[in-house]
Amino acid sequence: MGKPILTAQGLTKVYGALKATDGLSLEIQKGEIHAIIGPNGAGKTTAIGQLSGELTSDEGTIYFAGKDITRLPVHKRASLGLARSFQITSILLNFTAEDNVAMAIQARDGHSFKFWKSARTDGKLRVPAREVLKEVGLADRATIVADRLSHGEQRQLELAMALATRPNLLLLDEPMAGMGPASSRKMVALLNALKGRITILMVEHDMNAVFTLADRITVLVYGRAIATDTPENIQTDFAVRQAYLGEYV
Amino acid sequence: MNRFQPTLKACILVAALVFLIGLPPIASALEADFYIGLFSRILIYALAAVSLDLILGYGGMVSFGHAAFFGAGAYVVGIFAFHGAEGSAVFSWPFMIMGTDNALVSWIVATITSAGLAFVIGAISLRTRGVYFIMITLAFAQMMFFFFTSLELYGGDDGLSLFTRNRIGHLSLSNDTVFYYTCLGLLIGFLFFSWRLVNSRFGMVIRGCKENERRMGALGFPTYRYKLTCFIIAGAGAGLSGALMANQTEFVSPSLLHWTVSGNILVMVVLGGVGTLVGPVFGATTLLLLEEFLSRYTEHWMLFLGPILIFVVLFARRGLYGSLVERIGDDG
């Protein structure tokens, strides 16, 4: 594979006496789907927070597309092409599905200090928004207020918003969280279709999804990466570790 | 449904517009000129309420200090008029500005001053959230209240009388009808501007921040800057409204900056419909008419206003106008 799009080195986040991430180092290759797995409390969501910029790191550095982004705020990282979804769906609930995605399109289309022209009839926003909705399978739900969408559809919409910003790296925090088997399969298919086109770093508990999608997997325990390898190797390694540690998954 | 509701809305708007345009000649014909003054006051407060709703209803910023901008705008007009009558300068450093009764100067300066004040207050207040934001905006407004109370040159807590109303070029606003139409024109202008604003890209960002600021940040919007800009626009609107108020009463005093004024403007917005543009106009009309007529019967008119407000909040959450044209995600 080529050169890494994101490199994190020695990331640490301390909450009082607890080291949520403890010297975590990661390399994400361009084009891969990279999954982080680990038991509850391993610091997966904390790590995503540090990478996206919601949490400041106590130690360590993050390079993204060759740039040091360690001290950049969330919105600057986002405008560099770092998009994310949240563990608990985070969308604009009183906006229609199309308005949600149009907002994401607007985010990548320069600044929004434009006070006069209507954004509701702006083809530059609406046309690409409908395209992205189609891509995630929500084309016929465009005019529905997000609040009225099912949980699975809301997750799809959140993914659509992230995709609409044309990210260089997509951070997905448990994309299958709270989904039934049917919507889970749909989401896996969706992500699979993105494979190769978009670099994805995902945290996920659903092992089927992880082993189906991931090119590489990092196992996180107590804030440290104890292994990074292909799914096959991790799976074999897994049994060994489980035997020794007896605690994971 | 979609065909019916805009029609209902259009009917309400046209009826209101016809009423407001026709009011002065009818009031004069019926020898009830008093209503021209009353409705001028309503239009002025409506302007302030619409500006508050930009940050409150669309931006989700519950400011309890809108009187600061309202009062500052009024004082600018008062101070300019004071120096204009005296023939002296308002200030002479770094450059000299003479006092004047020309609206084109003093109203614009009033608007800019309030915008500048909103920049300072907003820049600090917007670093807080929720109840802290309410308290800090209130605290700033109180600071302004005591600041103007201590301005001995301009009457301290007694306030300052204007020698006469401003003029626009050669057009004197001393005529109540002329002044009324000036207020109406400015209100409609500001409503139109706000309508474009809330549906523009900027407006969508502001609404998005109200809905889910975290998501907006994650999409790449520097939310603080957008909210601050909105806060400044609202402050400017309130400043203009204050400039009109000084002309309406031909008197400015710290009471314009009292926290109850902020409260009243807030009540107008809630009464009429948070997050609608025309709602605050209805709210201002309702509140001031109730005040006018209830206070003829009793000085404890607030006692009756209270239950009405509770009723509206309980049973018409989107306010009087908002409930009438109920539609989620309305464009105003």
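About the thresholds
Residues numbered from 1 in each chain as written. Chains lettered and ligands numbered in written order. Predicted model: local features only at pLDDT ≥ 70, side-chain atom pairs only at ≥ 80, totals over all residues. Pairing = 2+ DSSP bridges. Helix = DSSP H or I, 4+ residues; strand = E, 2+ residues; numbered from the N terminus. Axes fitted to C-alpha atoms, helices over the stretch in contact; angles between N-to-C directions. Contact = placed C-beta atoms within 7 Å. pLDDT = per-residue confidence, 0-100. Buried ≥ 20, exposed ≤ 12 C-beta atoms within 10 Å, placed from the backbone. Domains from an automatic or database assignment. Nonpolar A, V, L, I, M, F, W, Y, C, P; charged D, E, K, R; others polar. Parallel < 35°, antiparallel > 145°, perpendicular 65-115°, else oblique. Left-handed = near helix turned anticlockwise from the far one by under 90°. Core = buried A, V, L, I, M, F, W, Y, C linked by C-beta atoms within 7 Å.

1. Focus on the sheet that holds strand β5 (residues 67-68) of chain A
All names here are of chain A.
Next, step 1: Ordered in space as β2-β1-β4-β5, the four strands form an open sheet in which the pairing is antiparallel. Only two strands of the sheet have a single partner each, and these edge strands are β2 (18-29) and β5.
Next, step 2: Here strand β1 (residues 4-15) runs beside β2; their pairing, made up of nine bridges, is antiparallel. The residue bridging V14 from the neighbouring strand is K19, located in β2.

2. Structural notes on the sheet that holds strand β6 (residues 82-85) of chain A
Residue and element names in this part refer to chain A.
Next, step 1: Spatially, six strands are ordered β6-β7-β8-β3-β9-β10 in an open sheet, and the strand pairing comes out mixed. Strands with a single pairing partner mark the edges of an open sheet, and in this sheet they are β6 and β10 (224-229). Averaged over all pairs of adjacent strands, the angle between strand axes in this sheet comes to 20 degrees, irrespective of strand direction.
Next, step 2: Bridge analysis of β6 against strand β7 (residues 169-173) gives four bridges, and the strand direction is parallel. Within β7, the position partnered with L82 by the bridge is L169.
Next, step 3: The sheet contacts of helix α5 (residues 151-164) involve β6 and β7, and relative to β6 the element is tilted by about 175 degrees.

3. Description of the environment of A:D68
Residue and element names in this part refer to chain A.
Next, step 1: Examined against the element boundaries, D68 turns out to sit in strand β5.
Next, step 2: Considering only alpha carbons, one finds D68 and L11, 57 residues apart in sequence, at a separation of 13 Å.
Next, step 3: Sequence-distant contacts of D68, that is, excluding residues within four places in its chain, are made with T61 and Y63.

4. Quick word on the confidence of the model for chain B
Residues and elements named next belong to chain B.
Next, step 1: For chain B, mean pLDDT is 93; residues scoring 70 or higher make up 96% of the total.
Next, step 2: Model confidence for chain B, summarised as mean pLDDT per element, is weakest for helix α12 (residues 319-324) at 86 and strongest for helix α8 (residues 223-249) at 98.
Next, step 3: In the predicted structure, residues 328-332 sits below a pLDDT of 50 and forms 12 contacts with residues beyond four places in sequence or in another chain.
Next, step 4: Interface confidence for the predicted complex, given as ipTM, is 0.89, next to a pTM of 0.92.

5. Some details on the environment of B:G71
Residue and element names in this part refer to chain B.
Next, step 1: You can see G71 is positioned in helix α3 (residues 66-86).
Next, step 2: Exposure remark for G71: the 32 C-beta atoms within 10 Å place this residue in the buried category.
Next, step 3: In sequence terms G71 and D53 are 18 residues apart; their C-alpha atoms lie 18 Å from each other.
Next, step 4: Those residues within four positions of G71 in sequence are excluded, and the remaining contacts are M144, F148, G242, L256 and L257.

6. Section: the domain arrangement of chain A
Residue and element names in this part refer to chain A.
Next, step 1: What the domain assignment lists for chain A is domain 1 (1-81 + 168-249) and domain 2 (94-166).
Next, step 2: Its C-alpha centre places domain 1 at a distance of 26 Å from the equivalent point of domain 2.
Next, step 3: Domain 1 puts eight residues into the contact, and the matching count from domain 2 is six residues.
Next, step 4: Per-element accounting of the side of domain 1 that touches domain 2 gives the leading share, four residues, to helix α6 (residues 181-194).
Next, step 5: When its residues are assigned to classes, the side of domain 1 that touches domain 2 shows five nonpolar, two polar and one charged.

7. Considering the interface of chain B and chain A
Next, step 1: With 22 residues of chain B at the interface, the matching set in chain A holds 29 residues.
Next, step 2: When contributions to the side of chain B that touches chain A are tallied by element, the ones reaching two or more residues are α6 (176-199) and α7 (201-219) of chain B.
Next, step 3: At 12 residues, the largest contribution of residues to the side of chain B that touches chain A is made by α7(B).
Next, step 4: Broken down by class, the residue content of the side of chain B that touches chain A amounts to nine nonpolar, eight polar and five charged.

8. Here we look at the packing of α3(B) against helix α9 (residues 259-272) of chain B
All names here are of chain B.
Next, step 1: With their axes 8 Å apart at the nearest point, α3 and α9 run at an angle of 110 degrees to one another. It follows that α3 is roughly perpendicular to α9 by the angle criterion. Between α3 and α9 the crossing geometry is right-handed. Across the interface between the two elements, H66, A67 and F70 from α3 touch W259, V261, S262 and I265 from α9.
Next, step 2: In terms of residue class, the contact of α3 with α9 is made up of five nonpolar, two polar and no charged.

9. Focus: the nonpolar core
Next, step 1: Ranked by size, the top nonpolar core spans 170 residues in total, and within it A:V101, A:A160, B:Y45, B:A46, B:A49 and B:A68 carry the most contacts.
Next, step 2: The greatest single-element share of this core, amounting to 16 residues, is contributed by helix α2 (residues 34-58) of chain B.
Next, step 3: Split by domain, this core shows at least three residues from each of two domains, domain 1 (1-81 + 168-249) and domain 2 (94-166) of chain A.
Next, step 4: If we skip the residues at most four places from it in the chain, A:V101 touches A:A129, A:V132, A:L133, A:A160, A:M161 and A:A164.

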